[in-house]
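The chain contents come next:
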Amino acid sequence: MTTKELYTKGARIWVEHPEKVWESATVTADYRSGVLIAKLDQTGEIRQIKIKDENQMPPLRNPSLLIGQNDLTSLSYLHEPAVLHNLRVRFCDRNAIYTYCGIVLVAINPYNELPIYGDETIMAYRGQSMGDLDPHIFAVSEEAYTKLERERRDQSIIVSGESGAGKTVSAKYAMRYFAAVGGNASETQVERKVLASSPIMEAIGNAKTTRNDNSSRFGKFIEIHFDEMYRISGASMRTYLLEKSRVVYQSAGERNYHVFYQLCAAARSMPELQLDHQDSFHYLNQGGSPDIDGVDDLRAFNETKNALTTLGVSETEQQNMFTVLACILHLGNIELKCEPDSGDVEEDGAYIDPNDKHLQIVCSLLGVSKPELSRWLTHRRIASAHEVIVSRMATNRAAFARDALAKRMYGEMFAWLVKCVNRALETEQNKSHFIGVLDIYGFETFEINSFEQFCINYANEKLQQQFNSHVFKLEQDEYIKEEISWKMIDFYDNQPCIDLIEDRLGVLALLDEQCRVPQGSDQGFVTKLHESCHKYPHFMKPRFGNQAFIIKHFADNVEYQCGGFLEKNRDTVSEEQLECIKSSTSCRLIHAMFAADRVSEGNATATLPPPSRRRTTPAVPLTSLTQPPRRASGQKQTVGAQFRASLSALMATLSATTPHYVRCIKPNDTKLPFQFHPARAVNQLRACGVLETIRISAAGFPSRWLYQDFFNRYRLLCAHKELDRGDTKGTCRRILAAHLKDPDKYQFGATKIFFRAGQVAYLEKLRADIQRLYCVRIQSCVRRFVARRKYLRRMRALRGLQAHCRGFLARRFAQEVRRTRAAIKIQRYVRGWSARRRYRQLRRLAVGLQAHARGYLARRLYRDARRVKASLTIQRYARGYLARKRVKAMRRGIIIAQAAVRRFLARRLYKRLRIEARSLDHVKTLNKGLENKIISLQQKLGEAQQKTKALEPLAVQLAEAKAKLELLRLVEIEAKTLKVSIVDKDSIIAALQTELASERDSNKQLVEEKKEIEKTYKIERVAWEGESEKLVNELKSSKEQFDLAIEERDKQLEQEKKALSAELEAERQSRQKLLSTQYELQERLDSLQRAPATKEHRRSLSDASNNSQQETTVEDDFGYGSVRSVENSRPALEAVNWSAGSHGGPMPIADAGLVLRMQNRISALQSELSRTTKRATDLEERLMNRLSSPPTNPNLDRFKVEELEIENKKLREHLERLRSAGDTTLLTKEVIDQLGIMQKELDRRRDECVQLKSVLTNTKPQWFQTLKNVTVNLKSLTTSSYGSDVDIVNEDGELATAYETQKGINRQLQEELMAEKKFYSDHISKTKAEIDRLREENEKYQKLLSVELSQEPKNKQQEFAQNEIIKLAAESLALQERVDKLSESCRRYKNQIRLLVTKLREAGIQDVSDILEGNDTVVPQNTSLAPEIAPVSRKKEREYLGMFEYKIQDEATIIKKLITDLKPRTAVTLLPGLPAYIIFMMLRHMDHVDDEPKMHQLLKAVRIGVKKTLRKRSDSVEYSALWLANMLRLLNNLRQYSGDAVYQKENTPRQNQQCLRIFDLSEYRQLLSDIAVQIYQGVITLLERQVERLIVGAILEYEEISTHDNTTDENVPAPGLSGPARAPPSPPGAGPARLKQELGAAHDHLHEYHVDASLRVMIFKQLFYYICAYSLNQLLLRKDLCCWAKGLQIRYNISHLENWIKEQLAEYGQKSVDEILSVLKPITQAVQLLQARKSLADVQSTVDMCSNLTAMQVCKILNMYTPAEDYEVKVTREFIHEIQKKMQEKAGPKADKEPQNLLMDSKMIFSVQFPFNPSSIRLEDVELPEVLGLEGLLTKI
C-alpha cells in the first residue's frame, strides 16, 4: 500500500503552525490531485492544503495506541511533529520527564521536585534491563554499570543540553546511582566524597543566567573508578573552558559565581576579610539581580564549607581561599582615576589614590607592598632591544589589566581547587575500570556570540560527530544481528565543519597566527578568515559589515562577532602584576596556585593519572584547562590550542568507552513547572541530535515487533483456521502476506519483524475496521436478547397485576363482613364498661370523704402532744446551760491563781540556778562527766564495730525477708482492693434492692391510680397523644445526640489508642530497623572478613570489645547477673565522708581503698551466707517433706533428728563464739579455725554415714520385713481361728496382748517423732528471729561506724582508733584472700573427687555418688530377703534435678557438636528445641554451683556459634528456621525459669522449684531477643531474595487466562492433545504455581522446625508485603502493564496467592488470614483501578476504592493507563485532577507537609514481638540422644 492511499477521509494529519510549530487536523475528503482538505481540530477551521510534491505530504498522526510511548523510535510515523507531540503528552499530561529515543535518554527539566529519586527507585532499577521499566536516568546508569560488569569495558555517560536544561542535576543523580550500587565498604567512603564534590563545583563554577538560576559555566568530565569487584575505588575530575569573563562582568539579570555571594552572606563570621553587602562590590552589582528565589546563600556557604572539610581541605586552606576571593572583590572596587597633576587631557594616565580603602585591604590581606601594587596597576613595562620603558596606562587599559589580573587569580584558584578535589578523590586502591560522566555545555547561539560560544559549539560539533557514528553503528549492528537485508543509510556527517575549524588554514590556526603577530588585531583576524576560508562550504560572510563571520553548524548558522577573540585566546596578564601578587606574605595559597603554574610551564606534559585500561588517551595537562600552559619552546600556549588538545583527548577517551547519551531539554524560558513551549523544544531537539537519531531510524525499519507480541496483537487479521500457536512466525508471515502486498515494507528477522514507517499504523487501521465490524454484529445479538427479555418481563408483570387485583377485591369483601360483626361486639362491651365505671366513681367518692375527715382529727391531736413535749425539752436545756456557765467561771479563777504562784516559784529557782552555773566547780563537774561519756562511747563503739562485722553476713537474709514482706504487702493490698470492691458491689446491690422495692410500691400505686386515670382518658386523649409525640421526638433527638456523643467519644478513644499503638509500633520498628541495620553491617563485615586476609594481622573491634568486656567481668565483677554485687553494703559506703581524712596527709587515700576492699569482701561473705541459707532452706524443705510423709522406719528418723539436733547445737555454739569475738584479727582467725574444724567434722561424719549406710543396707530389709510379717501374723491370729494347735498357743490371749503392745510402741514412736518435729520447727523460728535481731544490730553498728569514720578525729585517741580499724581491715582482707585460695584448692579437690567417682562408676560401683552427696539410698519394695544380696540403686529410679554438668575444657567441643555440626535433617528427628533445653540445663547447673564466669563464657560461645553457623549457611532457610526456633525456646526457658511471677502462672510446682536461684539473666534475655530479631530479619531477607525473581513472572507477566480463549471451538483439540491451533502449555514451574511452591516450601520449613505460630504469621505477613511492594513498584514503573487486560490478568494471578493464604494459613485463625490479606490491598486496589470506570461520575467511588494508595500513585497509574483498543474509554486530565483533589482532601492538610514517595518502601519491616510460650516438658525427662555424641561430655545431674 502506497503512502498517499492513507490520506483518506478521517485520516489524522499534522499541519504547520506559526507558534505551536505543528497543529493536529483531520482529513475531510479523500486526497485528489494535489489538494488535501483538512479540518483543524482546535479551531474547526477548514483548510485546503496544496500538495506540490507527493513525497512532501503532511505528516500523518500515529494511532492512539502509540501515543505516549516510552521510546520515540517505537512510533509508527517517525517525524518531527510525532516526536514533539509524544514528548508533550508524556511531559504535560503524564508528568513523565524522561523518554527514550533509541539509545538516547531525553530529559525535560520539570522545574519542580519529583519523588522519583529515592533509594526505593534505585533498588527498583537495579538489575533491570534498559527498557523494562519507565525511562529514567537510573536506567541509563544501570545500563552503563551492567555493561561494565558484563563486558569489562569502560563506560561513559554524555550529558548535554543548553543552560537551564538540567545537565548538572542529571549528572549528579547518575553519580548518586553509582555511589549507591557500587558503594565501597572501606573507610575512605569515596562515594561520599564524589557526592560532596558537587556543592563545591557548583559554588565556584555555577552562576545565575537569564536562562538558568544554577547554570554551569564550565564543562567537566568525572571519571568514577572501580576495582575488580566493581566497587568504587576512586574518582577524578577534568574541567573545560571556565567562563572567566563572568568574574568581572555580568549581563543584566545575571549573577557572578555563587561563591562570591555566599562569602558576602557569611561576612559577619569572617570580619578579617572586611566584606560588605554584595551590592557594594563592582564585580557583583552589574547584573542587577543578586538574589535567587528559594536559595539561602548563607546556608549554601555552610554546605560548601562542610563539603570542603569532607574532601580534606584544611581550615587554613579554606581561609586562604576565602581571602583570595575577598581580594578579587576588593580589587574590583579599586578606583582608577585620571592623574591629578596631568594637565594634558589627551594623556589622562590612570591614577590610584594612596588612601584608597580597597587597595589597603587587598595589600593587608595578601601581605604585598601597597606602592608596588598601586604602581603596576597603573603602569606597564615595555621591553625594547636596548632599554626597558615603564609608562603609565590609560584608565581604560588599566581597568582592563586589573580585570585580567582578577580573572587570572580566579582561574588559578579554580584550578587549584580542582586539584584538591582530585587529590581527595584519589585513593591507593586498584583501579581496573571507570565510568565517565561528561557534563558539558550544549549548543549555544545568542544575539552576540563571542569566543566562548565558538569553543562551545566546536565541542558540540565533535560530540555530534561521535554521536552520529555511534548511532549509525548500533543501527547496523541491530540489522546484522537480526540477519535482515539492509541498505547503507545516509546520515549527516559534520566532518567538513570540523575541518573548517581544525585545518591548517582553519579558524583556530588563523587565530593562533594572528595572536603571534606583534600588531595583530581582531579586524585582521576576520580579514584573513574571509580570504582563506571562503572555499569551505560551512563558512559564510555576513551580509553587512566586516566584524563577524558565520559558520554553518549542524544545529544552526551562528554569526560570531570577532571583538575580543585575540585577547581571550591570548589570556595575557601583566608579568609585573603577577610578580607583585606572588610576593604575598600573608596568603600561602597564592604561592601554591602560581607554583602549580610554574610547574606546568616547566613540564607541559604532566597529565592526570589515566585509567589502567586506557592506552589511546593522549597526555592532558594536570590543570583544569582554564589556564594555558606554555609550550616546550617557552612560548605560551593559546586557549584555543589548549582547548583543541583537551577536546581531542576527551574524544579519544570517549571513543575508548561505550557511550550512553542523555539529552536535557529546557521546556520553557519562564521556569514554570510542567509548561511545554513547542518552539523552544524543537530548536533544542534539533541542536542536541535527537531529530537526527529519528531520521536515521526512520530511514530504515523504525518499527520492530517481537513475533509473540505481533501475534498477540494482530492475530485478529488472520482466519481462525490459519492460526498456529505452535508456529507464531509462520502465522505472522501469513498475516503480513495477506495485508501488506509490498514485501519491501517489512523484513523478518531472527526474533523480530521490522516495519517501514507507517506500516504499523496501517495494520492498526485494518484491525480497528475488523473490530468495528465484529462489534456491530455483537451489538445486534445483544440488542435482540435485551428486547426479548424486556417483552417476557412485561408479560410476567401483567399476569401478576391481574392476580393481585382479583385477590384484593376478595379480601376487601371479607374484611367488610368481619368489620360488621366486630362493631356489634364492641358496642356490648362498651355499654357494660360505662355502667361499671359510674358505680365505681360513686363508691370511691364516699370512701374518700370519710378518710379525709378521720385523718384531720388524728393530725390535730398529734400536733398538741408534740407542743407539750417541745416546751419541756427547752426548759431542760436552758437550766443545764446556766449551771455549766457558773462552773466555768469558778474554774477559770482558780487556774489564774495557781499560775501566779507557780510563776513566782519558777523565777526564784531560775535565779538560784543561774548563780550556780556561773561557778567554776560546776563547769568542771560537767566536763568530767562528758570525758567519761566519750571514753565509754569509744569503748562501746569498738564493741559495736566488732559485733557489726560478725552480724554483717545476716544482711542478705534481711533483704530476702523484706522481699517476702513486700510480696505479702502486695497480696494484702490486693485483698483490700477486693474487699473494697466487694463492699461497693454490696452497696450497689442494696441500692438496687431499695430501688426495686420502691418500684414495686410505685407500681402498686400506679395500679390504684389507673382507675382514676381512666375517668379522664377520653377527654385528655388528644392532648396526651400530642404530648406523647413531642416526647417521642425529643427522646429520639436526645438519643441520637447521646449516640453521637458516645460515637465521638469512642472515636476519640480509638484515635488515641491508634496513636499510642502507632507510637509504640514506630518505636519497635525503629529499634528493629536499627537491629536490621546492625545485621546488614554485620553481614558486610563478615563478607569483608571472608575476603583474602592481608599479611598484616589486625584485631577486630568486636573481638577486642568482647575481650575487654570479659576481662572487666572477671576483674571488677560486673556483668549479667553478678552475684558479687556490693548493693547491700553500698549505703554504708555512701554514708562515709571520705574527704574528712584529707587533713591527715596522703594516708586517707590508701585507707579508703582498704575500707573499700574490706566492704567488698564483706559483701562476698554475705552472698556466701545467702547461698548457704538457701541451701539450708532446701534441706529444710526436704526434711519437712520427709517428716510429713508416713514414717517407714521410726528409729531411723529419730536418729536423723538427733543427729541434726547435735549439729544445730554445734552451729549455735560457733555462732556465739563468732559473736563474742571482739578483735577483728581474732574474728578472722576464728573463722579460719572454724572452717578447718567444720571440714574435718564433715569428713568424719561422711565416713560414719558411709559405714552406717552399708550396715543398714544389709540389716534393715530383713528386720523390717520380719517385723512386718510378725505384726501381720499377730493381727491375723487375734482375729481368726485356724485350728486347735493355734488355739492352744493363744489360749490365754498372749498373742493379742503382744499385738496391743506392739501397737503401743508404734504409737509412742510416732509421738516422739512429732515432738521432735515440733522442737525443730520452734528452733528454726527462734533462729530466724535471732537472725533478724542481729541484722538490725548490724545495720545500727554500720551506721555508727560510718558516722565515726566520716567525722574528723578530735583527739589522738580517735585518730589512733581509726588507724587501728583500717589496719585490722587490711589484715582481715589478707586473711580472707588466703581463705579464698584455700576454698579454690578445696574446689579443685572436689573436682578430683568427681573424677574418681566417675572411675568408680566405670568399675561397676553405682552408690558412690549417693554416699558422697549424703543422699538417702532408695530401697526398692521388692527387695530380696536374702542377707547376702545387697540392694542396688538403679539409674532410672534416681531423682534427677534437670541439669547438665560439663568441664570447661570441653566447652568448645560441646558447642561444635551441639550447634556448628548439627544438621537440620538430624534436628527434625529430635525433641523440638532440644539444643535450647540442653543449653538451659547447663546454665541451671552453673546457677546451682554459682559459677558466674563459666556462665558468661557459655552464653558468649553459644552466641558466637549460632552467628557463625548462620553466617556459613546464610543461604539456607532450614538452618535459619532451626536456630530461630531454638533461640526463642532458650529465651522462653529463661523467662519461664527466671522466678518472675508474670512468667510462673502456667508452671507446675516442680518447675517453680527449678527456677534460677542466683543468676539474674534479664539482660541476657534482651540479648537473646536481639539475636532472634536478627535471625528473623535474616529469614525475611532470604525468603525475599528467593521470591523476588518469581514475582514479576508470576504476578505481572504470567498470562494464564489467554491460553483458554479458543477452547470452545470444534477445531481445537481436547486438553492434553497437541494441535495446530492450541498455544503451547506453560511450563510446570511457571507463573503463580512456582511462587506458591516456594511459599509452601518456606511454610513447611518453618512448621517442620517448630517456629512459633505467631512468628510464622509475621513472617508471611512481611513476605507478602514485600511481594505487594515489589509488584506495585514494578507496575508503577512499567507502562505496558497499565491497561485493562493486564489488570484483569494480574488480578487473576493475585487471586492464586489469596487462595493459597486462605488454604495454607487457615490453621492460624481467620484474624491472622485477614491480617495477611490486608497487606496485599495496595496491589489489589491498583489492578482494580485499571479495571474500574474512569468517568467524572466515578471519582468518589474510585477514591473510596483506592484507600491504601497515595494520590501520587493513583495519578501515576492513571497517567500511564493506555487503552489497548479504540473503543476503550480514555483517561481525561479532568478526571485525574479530580481524583488528586479528592484524595488530598481525604488525606487532610498535614499530608502536603509530609514527604511523599511514589514507590512503596519494600525495605519496611513490621515490628515483631516474641510472645511468651512456656514449655510443659519436664527438664528431668530430657535425655541426650546418641546422634549428638555428647555422652562423655555432659553429665546429667
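Residues numbered from 1 in each chain as written. Predicted model: local features only at pLDDT ≥ 70, side-chain atom pairs only at ≥ 80, totals over all residues. Heavy atoms only, no water.

## Quick word on the overall build of the chain
Counting its regular elements, the chain contains 51 helices and 25 strands. Burial analysis of the chain (1837 residues in total) assigns 42% to the buried set. Put simply, of all contacts in the chain between residues at least 6 apart along the chain, 72% involve residues at least 24 apart. As presented, the chain carries roughly 103000 Å² of accessible surface, and 54% of it is formed by carbon and sulfur atoms. (Helix = DSSP H or I, 4+ residues; strand = E, 2+ residues; numbered from the N terminus. Buried < 20%, exposed > 50% of the residue type's maximum accessible area, 1.4 Å probe, protein only. Contact = heavy atoms within 4.5 Å. Areas by Shrake-Rupley, 256 points an atom, 1.4 Å probe, with all protein chains shown as cover.)

## Observations concerning a positive patch on the surface
On the surface, Arg 789, Lys 790, Arg 793, Arg 794 and Arg 796 cluster together to form a positively charged patch. Relative to the helices and strands, Arg 796 is located in helix 24 (residues 759-917). (Patch = residues over 30% accessible without salt bridge, like charges linked within 9 Å, V, L, I, M, F, W, Y side chains within 5 Å. Salt bridge = Lys/Arg side-chain N within 4 Å of Asp/Glu carboxyl O. Lys, Arg positive; Asp, Glu negative; His and termini not counted. Charge placed at Lys NZ, Arg CZ, Asp CG, Glu CD.)

## A short note on the packing of aromatic side chains
All told, the structure shown has 35 aromatic pairs when counted by the stated rule. Ring centres of Phe 451 and Phe 565 lie 5.6 Å apart, and the angle between their planes is 85°; this geometry places the pair in the edge-to-face category. Of this pair, Phe 451 sits in helix 12 (residues 451-482) while Phe 565 is found in helix 16 (residues 565-570), placing the two residues 114 residues apart along the sequence. Classification of Phe 565 as buried rests on a relative accessible area of 0%. (Phe/Tyr/Trp six-rings, centres within 6.5 Å; stacked < 30°, edge-to-face > 60°.)

## Brief notes about the environment of Arg 1550
Within the secondary structure, Arg 1550 is located in helix 42 (residues 1549-1553). For Arg 1550, a relative accessible area of 24% corresponds to the partly exposed category. On a C-alpha basis, the gap between Arg 1550 and Arg 1818 in space is 8.4 Å, while along the polypeptide they are 268 residues apart.

## Structural notes on the nonpolar core
Judged by nonpolar contacts, the single largest core of 365 residues is most densely connected at Tyr 410 and Phe 1664. Per-element accounting of this core gives the leading share, 18 residues, to helix 43 (residues 1562-1596). Discounting residues that sit within four places of it in the chain, Phe 1664 has contacts with Leu 1639, Leu 1697, Trp 1700, Ile 1701, Ile 1716, Val 1719 and Leu 1720. (Core = buried A, V, L, I, M, F, W, Y, C linked by side-chain atoms within 4.5 Å.)

## Some words on unusual backbone geometry
With a phi close to 55°, Phe 674 is a non-glycine residue in the positive phi region. Within the secondary structure, Phe 674 sits in the loop between strand 20 (658-665) and helix 20 (678-688). Classification of Phe 674 by relative accessible area gives buried; the value is 16%. A positive phi is found at Asp 1490, a non-glycine position, where the angle reads about 60°. Secondary-structure assignment places Asp 1490 in the loop between helix 39 (1474-1489) and helix 40 (1492-1512). The class of Asp 1490 is buried, set by a relative accessible area of 17%.

## Some thoughts on the sheet that holds strand 1 (residues 12-17)
The sheet built from four strands is open, its strands ordered 1-2-3-4 with antiparallel pairing. The sheet terminates laterally at strand 1 and strand 4 (46-50), the two strands that pair on one side only. With strand direction ignored, the average angle separating the axes of adjacent strands in the sheet is 50°. Relative to the sheet, helix 1 (residues 80-93) contacts strand 1 and strand 2 (21-27), its axis offset from that of strand 2 by approximately 100°. (Pairing = 2+ DSSP bridges. Axes fitted to C-alpha atoms, helices over the stretch in contact; angles between N-to-C directions.)

## Let's talk about empty space enclosed by the protein
Tallied over the entire structure, the rule returns 14 cavities of 30 Å³ or more. What the second largest cavity holds in volume is close to 90 Å³. With three residues, the single largest contributor to the lining of the second largest cavity is helix 12. (1 Å grid on protein atoms, 1.4 Å probe; cavity = no way out; pocket = protein on both sides within 12 Å on 5 of 7 lines; lining within 4 Å. Points joined across faces, edges and corners; volume = space filled by probe spheres on them.)

Fair warning: the whole summary comes from geometry, so function is off the table for now.
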